[in-house]
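Observations on the three-dimensional arrangement
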Amino acid sequence: MIDPFGRHITYLRVSVTDRCDFRCVYCMAEDMTFLPKADVLSLEELERLCSAFVRRGVRKLRMTGGEPLVRKNVMSLFRGLGRHLDNGALDELTLTTNGSQLARYARELAGIGVRRVNVSLDTLDREKFREITRWGDLDQVMRGLDAAQQAGLHVKINTVALRGVNDSEFDDLIRFSHGRGMDLVLIEVMPMGEIGGENRLEQYLPLSLARTEIARHFTLTESDYRTGGPARYFTVEETGGRLGFITPLTHNFCESCNRVRLTCTGTLYMCLGQEDAADLRAPLRASESDDLLDQAIDEAIARKPKGHDFVIDRRHTAPAVRRHMSVTGG
Ligand code: SAM
Ligand code: SF4
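The rules behind these values
- Residues numbered from 1 in each chain as written.
- Chains lettered and ligands numbered in written order.
- Predicted model: local features only at pLDDT ≥ 70, side-chain atom pairs only at ≥ 80, totals over all residues.
- Heavy atoms only, no water.
- Helix = DSSP H or I, 4+ residues; strand = E, 2+ residues; numbered from the N terminus.
- Rg over C-alpha atoms; globule rule 2.2 N^0.38 Å.
- Buried < 20%, exposed > 50% of the residue type's maximum accessible area, 1.4 Å probe, protein only.
- Areas by Shrake-Rupley, 256 points an atom, 1.4 Å probe, with all protein chains shown as cover.
- Lys, Arg positive; Asp, Glu negative; His and termini not counted.
- Charge placed at Lys NZ, Arg CZ, Asp CG, Glu CD.
- Salt bridge = Lys/Arg side-chain N within 4 Å of Asp/Glu carboxyl O.
- Core = buried A, V, L, I, M, F, W, Y, C linked by side-chain atoms within 4.5 Å.
- Contact = heavy atoms within 4.5 Å.
- Near = heavy atom within 4 Å.
- Polar contact = N/O pair within 3.5 Å; in protein donor to acceptor, adjacent residues only side chain to side chain.
- Nonpolar A, V, L, I, M, F, W, Y, C, P; charged D, E, K, R; others polar.
- Expected span 1.5 Å × (residues − 1).
- Pairing = 2+ DSSP bridges.
- Axes fitted to C-alpha atoms, helices over the stretch in contact; angles between N-to-C directions.

**Details of the overall build of the protein**
When its secondary structure is counted, the protein shows eleven helices and twelve strands. A compact globule built from 330 residues would reach a C-alpha radius of gyration of about 20 Å, and the protein, at 19 Å, matches this within 12%. When the 330 residues of the protein are sorted by exposure, 57% land in the buried category. Looking at the protein as shown, the accessible area adds up to about 14,300 Å², and 47% of this sits on carbon and sulfur atoms. Between the averaged position of the 45 positive side-chain charges in the protein and that of its 47 negative side-chain charges there is a distance of 2 Å.

This is the structure:
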């Protein structure tokens, strides 16, 4: 699949549920209204949709959410998609998780062929963790990390940089992650969805500032390491580990975008930062053959926009898009 700007679309991210066992302050409002269960695709339907994308050239699938591991019976979806790894149609099956359920599932995921997992962790402080996630338990996530590493999964830690909240902890997060052989990626907060009383401008920390601060204590050497994602990596000479920066606001990376995003209702978003979307549920349900679905996918890819227009400043504190990150999964 090639979009109008000549970009090869080889990566599909799938939000398997909009629900979550946490309520991170930058991601959700405390009193979120979730989708009625009837609107959500069954796991069998999600598998069929993902398989259609694999057939059309997607080489990498990432399950996300909401929290992918809170969806009931989600392992059956992983098992079904794992077949594409076995027959070589897919290079990678992976997930982004808050880690709360990893202790339970890490071993099974590894057995299916998952090799890498991204775990979101914004602080190492129990109290602060509770404040950021509203409902989360840091010890549970730590047990999840242990289980993932014991199962042989490569873990990457994702940290959303939050001004005045975790910006004093980056050094500790670097030492912690690299000490355990995990990459660390810092992410700028993006203006997605209403989040109740929280203020984006107050949360937003440009990573250019974070990098300058980190460079006072660590030697950062630019690295050409790429994961196919938007992160730009540096090697931290003192630890030997990798530190990535995802900077949608201070540095636009759309020119190399290779991905599209599917929600659990079968809506395909061609860009994280734009409202345009294609409904794939109707063609999926209209017939047992995949012809209509394939056609709808091709039409959607032909409309993939050039890029997003995220801005956060005093004049732009409203969300750039109405949906929450938990709808498209980041
Ligand atoms: N629940 C899983 C998790 O937290 O990893 C997967 C879904 S979550 C929406 C995916 C990633 O998006 C997480 O790393 C989270 O920190 C990040 N995220 C959520 N809302 C965001 C926002 N407004 N700006 C930047 N990153 C955000
Ligand atoms: Fe849940 Fe992930 Fe959003 Fe936090 S960032 S509320 S863990 S979906």
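**Section: the pattern of salt bridges**
If you walk through the whole model with that rule in mind, you get 19 salt bridges. Between Asp290 and Arg55 there is a salt bridge, and its shortest N-O distance comes to 3.3 Å. Here Asp290, found in the loop between helix H9 (281-286) and helix H10 (291-301), pairs with Arg55, found in helix H1 (residues 43-55); they are 235 residues apart in sequence, far enough to count as distant. Residue Asp290 is classed as buried on the basis of its relative accessible area, which comes to 18%.

**Brief notes about the nonpolar core**
Counting residues in hydrophobic clusters, the biggest one holds 97 residues, and the most contacted among them are Leu12, Leu61, Met63, Phe78, Leu93 and Leu268. Looking at this core element by element, the count peaks at seven residues for H1. In this view, Leu12 contacts Cys50, Phe53, Val58, Lys60, Leu61, Arg62, Val260, Leu262 and Leu268; residues no more than four positions away in its chain are not counted.

**Digging into the site of ligand 1**
Close to ligand 1 lie 18 residues, the nearest being Tyr26, Gly66, Ser120, Val160 and Met190. At 3.2 Å from a nitrogen atom of ligand 1 is found a side-chain nitrogen or oxygen belonging to Glu67. Met190 has a polar backbone atom sitting 2.7 Å from a nitrogen atom of ligand 1. When the free accessible area of ligand 1 is taken as 540 Å², the share hidden by the protein chains comes to 95%. Broken down by secondary-structure element, the contributors of at least two residues to the shell around ligand 1 are strand E3 (92-97) and strand E5 (154-161). In terms of residue class, the shell around ligand 1 is made up of six nonpolar, nine polar and three charged.

**A short note on H1**
Working note: α-helix, 3.6 residues per turn, so residues spaced by three or four point in the same direction. Here H1 contains 13 residues, and its C-alpha end-to-end distance of 18 Å stays within 8% of the 18 Å for a straight helix at 1.5 Å per residue. Most of H1 sits inside the fold, with ten of its 13 residues counted as buried. Turning to H1, its buried residues are Leu43, Glu45, Leu46, Glu47, Leu49, Cys50, Ser51, Ala52, Phe53 and Val54. Directly beyond the C-terminal end of H1, a positive phi value near 120 degrees is found at Gly57.

**Overview of the sheet that holds strand E12 (residues 277-279)**
Taken in spatial order, the twelve strands line up as E7-E8-E9-E6-E5-E4-E3-E2-E1-E10-E11-E12 in an open sheet, and their pairing is mixed. Sheet topology places strand E7 (220-222) and E12 at the edges, where each strand pairs with a single neighbour. Along the sheet, successive strands turn relative to each other by an average axial angle of 25 degrees, direction set aside. Judged from the three bridges that link them, E3 and strand E4 (residues 116-120) form a sheet pairing that is parallel. Residue pairing across strands places Leu95 opposite Val117, the latter belonging to E4.

**Some details on the environment of Glu299**
For Glu299, the position within the fold is in helix H10. By relative accessible area, Glu299 is classed as partly exposed at 46%. Remark: the alpha-carbon pair of Glu299 and Asp3, spanning 296 residues in sequence, is separated by 9.9 Å.

**What about the site of ligand 2?**
Lining the immediate surroundings of ligand 2 are Cys20, Phe22, Arg23, Cys24, Cys27, Met28, Gly66 and Asn98. Class assignment for the residues of the shell around ligand 2 results in five nonpolar, two polar and one charged.

**Some thoughts on the pairing of strand E9 (residues 242-246)**
A large share of E9 lies buried, amounting to four of its five residues. Strand direction decides the pairing type here: strand E6 (residues 183-188) and E9, joined by four bridges, are parallel. Bridged to Leu184 within E9 is Leu243. Two successive antiparallel strands, strand E8 (residues 232-236) and E9, enclose a turn made up of five residues, where Gly240 displays a positive phi of approximately 80 degrees.

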